[in-house]
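An overview of the molecular structure
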Amino acid sequence: MNAKLIRNIWAVGRNYADHAREMKAEIPKSPMIFLKAGSCVETGSKIKIPAWSKDVHHELELAYWIDENLKLSHVSLALDLTARDAQAEAKAKGQPWTSAKSFTGACPLGSWVSLADIDTQEELQFQLIKNNEIVQSGYARDMIFNPEILLQHIKNHFPVMPSDLLLTGTPAGVASLKSGDVLQARLTAANRELLTCHWDVE
Ligand code: ZN
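Summary of the structure given here. (Residues numbered from 1 in each chain as written. Predicted model: local features only at pLDDT ≥ 70, side-chain atom pairs only at ≥ 80, totals over all residues. Heavy atoms only, no water.)

Helix and strand counts for the protein come out as four helices and 16 strands. Computed over C-alpha atoms, the radius of gyration of the protein comes to 16 Å, within 12% of the 17 Å expected from 2.2 N^0.38 for 202 residues, which places it in the range of a compact globule. Overall size of the protein, expressed as C-alpha extent along the three principal axes, is 40 × 40 × 35 Å. Counting only residues that meet the buried cut, the protein has 51% of its 202 residues in that class. (Helix = DSSP H or I, 4+ residues; strand = E, 2+ residues; numbered from the N terminus. Rg over C-alpha atoms; globule rule 2.2 N^0.38 Å. Buried < 20%, exposed > 50% of the residue type's maximum accessible area, 1.4 Å probe, protein only.)

Printed below as a string of structure tokens:
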């Protein structure tokens, strides 16, 4: 589970209906996959906003570790940080999203919980607390495409490698980060605390 080994981050857009609605986007009929560079992963507690963006959004997501047998073995929480201004500009011009999604430090990542320790993934719940206020709240069961379907889909289409990461999309509540914000993320299953992450925005 060495984050330095991560090569590819397979991510999915609009995998929760409430987030698709807040983005005024259609609900996809098949998984909408995009890439973040593996080197975007940041396991420290600091978030750095790139100087060229005025609108970096938090997207809290369940993140899965792809093991040596290309199976999902562990779960964590990640922020799919997104420069929304750069993304809007790219969308308007019909250009790719790389600048919006793959800047340095664009994937803060927590520590890992073995899936063997979780009874049913359906019960996974996660929350992002920004400056003591709950701003995002999601349940794994609300995904449009569940993690196993996403894994099968990316294996059918792409050269998925051991130690890759799968990000499974964000629920509603995405918003801009500003310097000084204090973030806390929690992962629970049936009210059992599995993981807590803490990030400070520089
Ligand atoms: Zn996302």
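Time to look at the pairing of strand 16 (residues 192–201). On a regular strand, each side chain points to the face opposite its neighbour's, so the side chains alternate between the two faces of the sheet. Pairing geometry for strand 4 (residues 46–47) and strand 16, over two bridges, is parallel. Of the residues in strand 16, the one forming a bridge with isoleucine 47 is valine 201. Where strand 15 (residues 182–189) and strand 16 come together, eight bridges link them in antiparallel fashion. Opposite alanine 189, over in strand 16, you have arginine 192 as the bridge partner. What sits between strand 15 and strand 16 in their antiparallel hairpin is a turn of two residues, with alanine 190 showing a positive phi close to 50 degrees. (Pairing = 2+ DSSP bridges.)

Every protein donor of the zinc ion is accounted for by Glu59 (OE), Glu61 (OE) and Asp80 (OD), and the metal-donor separations fall at 2.0 to 2.1 Å. Mapping the donors of the zinc ion onto the primary sequence yields the spacing E-x1-E-x18-D. Residue glutamate 59 is located in the loop between strand 5 (56–58) and strand 6 (60–66), and its partner aspartate 80 is located in the loop between strand 7 (72–79) and strand 8 (82–83); the two are separated by 21 residues in the primary sequence. A relative accessible area of 5% places glutamate 59 in the buried class. With relative accessibility at 0%, the residue aspartate 80 sits in the buried group. (Donors = N, O, S within 2.8 Å, 3.2 Å for Na, K, Ca; no water.)

Remark on secondary structure: sheet strands pair via backbone hydrogen bonds, oriented parallel or antiparallel. Taken in spatial order, the three strands of this open sheet run 8-5-14, and their pairing is antiparallel. Among the strands making up the open sheet, the edge pair consists of strand 8 and strand 14 (175–176).

Quick look at helix 2 (residues 84–93) now. Arg84, Ala86, Gln87 and Ala90 are the residues of helix 2 that are buried. For helix 2, the angular spread of buried residues about the axis comes to 155 degrees, placing them on one side. Every exposed residue of helix 2 that faces more than 90 degrees away from the buried side is listed here: Ala92 and Lys93. On its buried side, helix 2 packs onto helix 1 (17–22), strand 5, strand 8 and helix 3 (98–101). A positive phi of about 70 degrees marks glycine 94, the residue just after helix 2. (Arc of directions from axis to C-beta. Contact = heavy atoms within 4.5 Å.)

With that out of the way, let us pick up the nonpolar core. In terms of nonpolar packing, the biggest core is built from 58 residues, with Leu62, Val75, Leu77, Leu124, Leu165 and Leu187 touching the most fellow members. Among the elements of the structure, strand 1 (8–13), strand 6, strand 7, strand 11 (124–130), helix 4 (147–157), strand 13 (165–167), strand 15 and strand 16 are those that each provide at least two residues to this core. Tallying contributions element by element places strand 6 first for this core, with six residues. Ignoring any residue separated from it by four or fewer positions in sequence, one finds leucine 165 in contact with Ile6, Asn8, Ile9, Trp10, Val41, Tyr64, Trp65, Ile66, Cys107, Leu109 and Trp112. (Core = buried A, V, L, I, M, F, W, Y, C linked by side-chain atoms within 4.5 Å.)

Bringing unusual backbone geometry into the picture now. Glycine aside, a negative phi is what most residues show, and trans is what most peptide bonds show. Despite not being glycine, arginine 14 shows a phi value in the positive range, around 50 degrees. Tracing the sequence through the fold places arginine 14 in the loop between strand 1 and helix 1. Judged by relative accessible area, which is 23%, arginine 14 ranks as partly exposed. One non-glycine residue, serine 163, lies in positive phi territory at about 70 degrees. One can find serine 163 in the loop between helix 4 and strand 13. By relative accessible area, serine 163 is classed as buried at 15%.

Let's shift gears to the pattern of salt bridges. Tallied over the entire structure, the rule returns eight salt bridges. Of the charged contacts in the structure, one is a salt bridge between lysine 48 and glutamate 202, with a shortest N-O distance of 3.7 Å. Note that lysine 48 is positioned in the loop between strand 4 and strand 5 and glutamate 202 in the segment after strand 16, a separation of 154 residues in sequence. Looking at lysine 48, the relative accessible area reads 60%, which means it is exposed. By relative accessible area, which is 43% here, glutamate 202 ends up partly exposed. Note that arginine 186 and glutamate 193 form a salt bridge whose closest N and O atoms lie 3.2 Å from each other. Residue classification places glutamate 193 among the partly exposed residues on the basis of a relative accessible area of 42%. Residues participating in the shared-partner salt-bridge network are Lys36, Glu59, Asp80, Arg84 and Lys101. (Salt bridge = Lys/Arg side-chain N within 4 Å of Asp/Glu carboxyl O.)

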